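# Overview (structure and organization)
Listed below, chain by chain, are the residues.
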Amino acid sequence: MPYPADYKYTKEHEWIKIDGNNATVGITDHAQESLGDIVFVELPKPGAEITAGKTFGSVESVKAVSDLYAPASGTVTEVNGDLATAPEKINKDAHASWMLKLKLKDPNELNGLLSAADYEKFVAEEGG
Amino acid sequence: MVDFNGWDMPVEYPSAGGIIAEHNAVRNGVGIFDVSHMGDIRLQGPEALAAVQHISMNDASRLAIGQAQYSALLYPQGTFVDDVIVHRLGEDDYLLVINAGTREKDVNWVRDNTRQFACKVEDLSDDFTQIAIQGPQGVNLLQKLTDANLSAVKFYWVTRGTVCGLKNILIARTGYTAEDGFEIYVPSDEATSARVWNQVLEAGKEFGVIPCGLGARNTLRLEGALSLYGHEISDTINVWEAGLDRFCKMDKPDFVGRAALEKAKTAGLQRTLIGLEMIERGIARDGYKVFDHDGREIGYVTSGSYAPFLKKNIALAYVPPEFATLGSTMKVECRSQGVKAQVVPIPFYKRPKKQA
C-alpha cells in the first residue's frame, strides 16, 4: 500500500496529516502488517493533552501489544469510535483508519518528521 | 519467524491470512502445523511398562496397543518436568511425545529415572518431521493420502499406514487444538518433509486447508484450556493446582511425585487454575497481575489473548481457591489499568459432538 505523500511519518510507525493547526493521526500500513490481526485499540478521550514522542495509547493484535507514540503535541478533539468495535479496519486500510484528531500545540514541532519517501526508506532499512 | 527453543518457527503465515484466519480454519475446516519441534522418547523392553508407570502420572497399564493418553512426568515434589502424550506402539513399546523447550531435560530425566528397569530409552526427536492436520476436515484430507482406514482410528489412538507413498508411517489421532485431527510422523530428511508438507497442502485445497503457525497453535490451545509448559504447568506448580487430576491416577502403583501429591492433597490447595473472561475492555496477557476488588494482589495470568473463534478476551490465571467461584469477578492489571474479568468454566471452547 502506498504511503500518502501529504502525510508525515514517525520512526515509531505513526502517520500524521496536517491541516493548518489541526491534524489527524493513525498508524502506518507497515505497522499494521507487522502487528497482524488487530483486535484492540486504546485511545485517549477528547480533551486529553498528548505530547510529541510520548505514548498516547496502545494497539494490540492477537500476538502483540504495541504502544502508540504521539507524532506531535496537542489536544485531542476527536477519537475514531469505530475502532473500538471494529479495530480490524486498521488492517484493511491503515492510512484511512484514523485514530485521533488533534489541535496542534506548535506546528513547527512537525519539522523533524519523515516524508513518505524517507519513511519508506526507513522501513526498508529496518528490514521490513 | 521467531526463535522457539532453538527452532526457527513462523508465528503466522501472513499470506494465508494470519492468526485469526488460521485459527478459524482449524475450527471450521482444516489447518496444518509443522510441529517437528516436539520431541520423541521411545521406551522399549520387557520392563517398558513398569518404567513408564514409574515416571508418569497417568495409568499406562490401561493402554491397549495403539492407544495413547495425556500424562505428565513429575518431580518428587509433585510438580512438572513436562506434560507428555504416551503412545503404546507395541507390546513393550512406548513413545512419549514431549515439548521442545524441555527436550534435553526430559530425556536426561527419563534416562536417570528408568535405570533400574530392563528397558531401552532412545531420543528419536531428530528422526521425525511431525505434521499436525487439525480440524473437522482433517480426517477427510488425510484419508486422501493414506491407505489406513482413518474412520476406525478413535481420538487418542494411533495406527500405521502408507502416507504419501511412505510405508509404515505413524498416524496418531491427537493434537493440541481442542479439535479433531491427526499428527503424522514422517522421516525428517528435508526432501521427504517438504514433499509431504506440500502434498498435504495440495490434497487439502478442496477443504480450504491453510498452514498455521505458533500464534494460532497458542490461541487454539488456549480456547481449549490445554496446558502449556512454562505457563499453566512448570516445576513450581503441582498437579492439583493445574487441575489435571483426571490424568493423575493415585490408585496405580507408586510413581515419582506421588507421595508429595498425597501430602499436597491433605494440605489443601493454595492456588488453583481458573478461566477468566474479560468483561471490561482489555486483553489480559501472560504475566499480568490479578487483583481483588480491594486492590489486593491475588494471582497472575498464565496465558491470555483475544480468542479468535469465541471472539472474546480470555485468560487462564492462578488465584487462591476462594476466588475461583464461577461468576465471581476480579481485576486484571492490563498495562497499569484494572480491567474487570469474570470467572467462567474451562475449557472455554468444546468441540461440537460428532453427528451420527
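It should be emphasised that the depicted structure is a prediction, and the values quoted were computed from it without experimental measurement.

Parameters and conventions
- Residues numbered from 1 in each chain as written.
- Chains lettered and ligands numbered in written order.
- Predicted model: local features only at pLDDT ≥ 70, side-chain atom pairs only at ≥ 80, totals over all residues.
- Helix = DSSP H or I, 4+ residues; strand = E, 2+ residues; numbered from the N terminus.
- Rg over C-alpha atoms; globule rule 2.2 N^0.38 Å.
- Buried ≥ 20, exposed ≤ 12 C-beta atoms within 10 Å, placed from the backbone.
- Contact = placed C-beta atoms within 7 Å.
- Pairing = 2+ DSSP bridges.
- Axes fitted to C-alpha atoms, helices over the stretch in contact; angles between N-to-C directions.
- pLDDT = per-residue confidence, 0-100.

Let us look at the overall build of chain B. Along the backbone of chain B there are seven helices and 19 strands. For 356 residues, the compact-globule estimate of 2.2 N^0.38 gives 21 Å, and chain B sits close to it at 20 Å. With the C-alpha coordinates aligned to their principal axes, the bounding extent of chain B is approximately 65 × 50 × 45 Å. A buried classification covers 46% of the 356 residues belonging to chain B. For chain B, the share of sequence-separated contacts (at least 6 apart) that also reach a separation of at least 24 residues comes to 68%.

Now for the sheet that holds strand β6 (residues 55-61) of chain A. Residue and element names in this part refer to chain A. Spatially, three strands are ordered β4-β6-β7 in an open sheet, and the strand pairing comes out antiparallel. Both outer strands of the open sheet, β4 (38-42) and β7 (65-69), are each paired with one neighbouring strand and no more. Averaged over all pairs of adjacent strands, the angle between strand axes in this sheet comes to 25°, irrespective of strand direction. Here β6 runs beside β7; their pairing, made up of five bridges, is antiparallel. Note on β7: the bridge partner recorded for Glu60 is Val65.

Looking now at the sheet that holds strand β11 (residues 166-172) of chain B. All names here are of chain B. The sheet built from six strands is open, its strands ordered β10-β11-β12-β9-β3-β13 with mixed pairing. The sheet is open, and its two edges are formed by β10 (158-163) and β13 (210-211), each paired on a single side. Relative to strand β12 (residues 181-187), strand β9 (residues 128-134) is paired through seven bridges, and the arrangement is antiparallel. Bridging from a neighbouring strand, Gln134 pairs with Gly181 of β12. Contacting β3 (31-34), β9, β12 and β13, helix α5 (residues 190-203) runs over the sheet at an angle of about 10° to β9.

Residue and element names in this part refer to chain B. Following Ile346, the chain continues into Pro347 via a peptide bond in cis, with omega recorded as 0°. Checked against the element boundaries, Pro347 lands in the segment after β19 (337-344). A positive phi angle, close to 50°, is found at Asn5, a residue other than glycine. With respect to the secondary-structure elements, Asn5 resides in the loop between β1 (2-4) and β2 (7-9). The phi torsion at Cys164 lies on the positive side, around 50°, for a residue other than glycine. Relative to the helices and strands, Cys164 resides in the loop between β10 and β11.

Our next topic: the confidence of the model for chain B. A residue-level look at chain B finds 99% of positions with pLDDT of 70 or above and a mean pLDDT of 96. Interface predicted TM-score (ipTM) for the complex: 0.88; the corresponding pTM is 0.94.

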